[in-house]
Amino acid sequence: DYSHRKSWVIDRLHELVDLAFLRESRTGYGFSHDVVRSVVYEAVPPSRKRRLHRRAGEALEELSPGSVESLAIHFDRGEVWSKAAHWYRQAGEQARAVYAGAQAVEYYDRALTAWSHLDTRDEALGLRLYRERGRICQDVGRFDQAEDDFRAALGLARRIGGVASEARILNHLSYLTYQRGAYDEAARIAAEALDLAGRVEDDTEVATAHFNQANAL
């Protein structure tokens, strides 16, 4: 029964502590050394690793949903790609909120890698991931990467018919082009954004397009 299995597990844990493979703390048990952890981990068959990571991720979702990085890593290693993309995105947003731009970009890189593994691509999610990573790259001065991301997001917006999203991304691209000193091109892109935003009566993007046009004068 359950109590017998629990007792057996605790006895085995204590044996591993006595052998110095594990150490006990107030919060549970951990490996005594990274080398021990690495050796044990590598000995586990890949299929079992994936199952264990999935279970760990599912447990963390219930017990500690704020542990976004750990959640992302477990679902990544468990090859639950939709959840890995979701939690890496959350980790990226947290990093961005504390101005850790390089770390945020890394999390978004991983989110996009997970997204690329989905059997059925969620193009709306891909659009958001590219656009958000582009904004972070723009903030930290990685303008080439930002442009690539905005253009990837723009392509997805056009594929799914997201006119409002298209206008928003064009406004990002217009301001980025202005930052790079190409004022005529920035004005042209802003005019395109203004036309699209006007069609869907998106007042925020209309105002942003006017701002971008004024900047480019």
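To be clear, the structure that these remarks concern was listed above.
Residues numbered from 1 in each chain as written. Predicted model: local features only at pLDDT ≥ 70, side-chain atom pairs only at ≥ 80, totals over all residues. Heavy atoms only, no water.

Colleague: Describe the overall build of the protein, naming the residues involved and giving the relevant values.
Modeller: Check the secondary structure of the protein and you find 11 helices and 2 strands. Traced from its N-terminal end to its C-terminal end, the protein shows the element sequence α-β-β-α-α-α-α-α-α-α-α-α-α. Against the compact-globule benchmark of 17 Å for 217 residues, the protein has a radius of gyration of 24 Å, which places it well outside the compact range. For the protein, the spread of C-alpha atoms along the three principal axes comes to 75 × 30 × 25 Å. Expressed as a percentage of contacts within the protein between residues at least 6 apart in sequence, the contacts between residues at least 24 apart total 41%. Element-wise, carbon and sulfur atoms account for 50% of the exposed surface of the protein, whose accessible area totals about 12,900 Å². Of note, the protein has its 30 positive side-chain charges centred 5 Å away from the centre of its 34 negative side-chain charges. (Helix = DSSP H or I, 4+ residues; strand = E, 2+ residues; numbered from the N terminus. Rg over C-alpha atoms; globule rule 2.2 N^0.38 Å. Contact = heavy atoms within 4.5 Å. Areas by Shrake-Rupley, 256 points an atom, 1.4 Å probe, with all protein chains shown as cover. Lys, Arg positive; Asp, Glu negative; His and termini not counted. Charge placed at Lys NZ, Arg CZ, Asp CG, Glu CD.)

Colleague: So what about the environment of Leu71? Which residues, and what values?
Modeller: In this fold, Leu71 is placed in helix α4 (residues 68-77). Distance in space between the C-alpha atoms of Leu71 and Glu185 is 42 Å, their sequence separation being 114 residues.

Colleague: Outline the environment of Ile136, supporting the account with residue identities and numerical values.
Modeller: Position of Ile136 among the secondary structure elements: in helix α7 (residues 123-139). Considered as a pair, Ile136 and Tyr41 are 95 residues apart in the sequence and their alpha carbons are 35 Å apart. Apart from the residues within four sequence positions on either side, Ile136 is in contact with Arg96, Gly101, Ala104, Val105 and Tyr108.

Colleague: Break down helix α3 (residues 46-63) for me, citing the residues and quoting the values.
Modeller: Between the first and last C-alpha of α3 there are 25 Å, a value that for 18 residues agrees with the 26 Å anticipated at 1.5 Å per step. Those residues of α3 not exposed but buried are Lys49, His53 and Gly57. Looking down the long axis of α3, one finds its buried residues gathered within 70° of arc, a one-sided arrangement. Opposite the buried face of α3, by more than 90 degrees, sit the exposed residues Arg55, Glu62 and Leu63. On its buried face, α3 sits against α2 (34-43) and α4. (Expected span 1.5 Å × (residues − 1). Buried < 20%, exposed > 50% of the residue type's maximum accessible area, 1.4 Å probe, protein only. Arc of directions from axis to C-beta.)

Colleague: Can you lay out the nonpolar core for me, pointing to particular residues and giving the numbers?
Modeller: Within the largest apolar cluster, 41 residues are counted, with the highest numbers of intra-cluster contacts made by Trp115, Leu129 and Ile169. Listing elements by their share of this core, those giving two or more residues are α4, α5 (81-97), α6 (101-116), α7, α8 (143-160), α9 (163-179) and α10 (183-199). The greatest single-element share of this core, amounting to 8 residues, is contributed by α6. In this view, Trp115 contacts Ala85, Arg121, Asp122, Glu123, Leu125, Gly126, Leu129, Tyr130 and Leu156; residues no more than four positions away in its chain are not counted. (Core = buried A, V, L, I, M, F, W, Y, C linked by side-chain atoms within 4.5 Å.)

Colleague: Give a detailed account of α4, specifying residues and quantitative values.
Modeller: All of the buried residues in α4 are Val68, Leu71, Ala72 and Phe75. Buried residues in α4, looked at end-on, bunch into an arc of 100°, giving them a common side. Where the residues of α4 are buried, they touch α3 and α5. Just downstream of α4, Glu79 is the residue with a positive phi angle, here 60°.

Colleague: Any details on the side chain of Arg131? Residues and values, ideally.
Modeller: Inspection of the secondary structure puts Arg131 in helix α7. A distance of 3.4 Å separates the side chain of Arg131 from the side chain of His172, its partner in a polar contact. In contact with Arg131, other than residues within four places in its own chain, are Phe150, Ala153, Arg168, Ile169 and His172. (Polar contact = N/O pair within 3.5 Å; in protein donor to acceptor, adjacent residues only side chain to side chain.)

Colleague: Just give me the short version of unusual backbone geometry, but keep the residues and values in it.
Modeller: In this model, Glu79 sits at a positive phi of 60°, which is unusual for a non-glycine residue. Within the fold, Glu79 resides in the loop between α4 and α5. One non-glycine residue, Glu201, lies in positive phi territory at about 55°. In this structure, Glu201 sits in the loop between α10 and α11 (203-216). When its relative accessible area of 66% is taken as the criterion, Glu201 is described as exposed.

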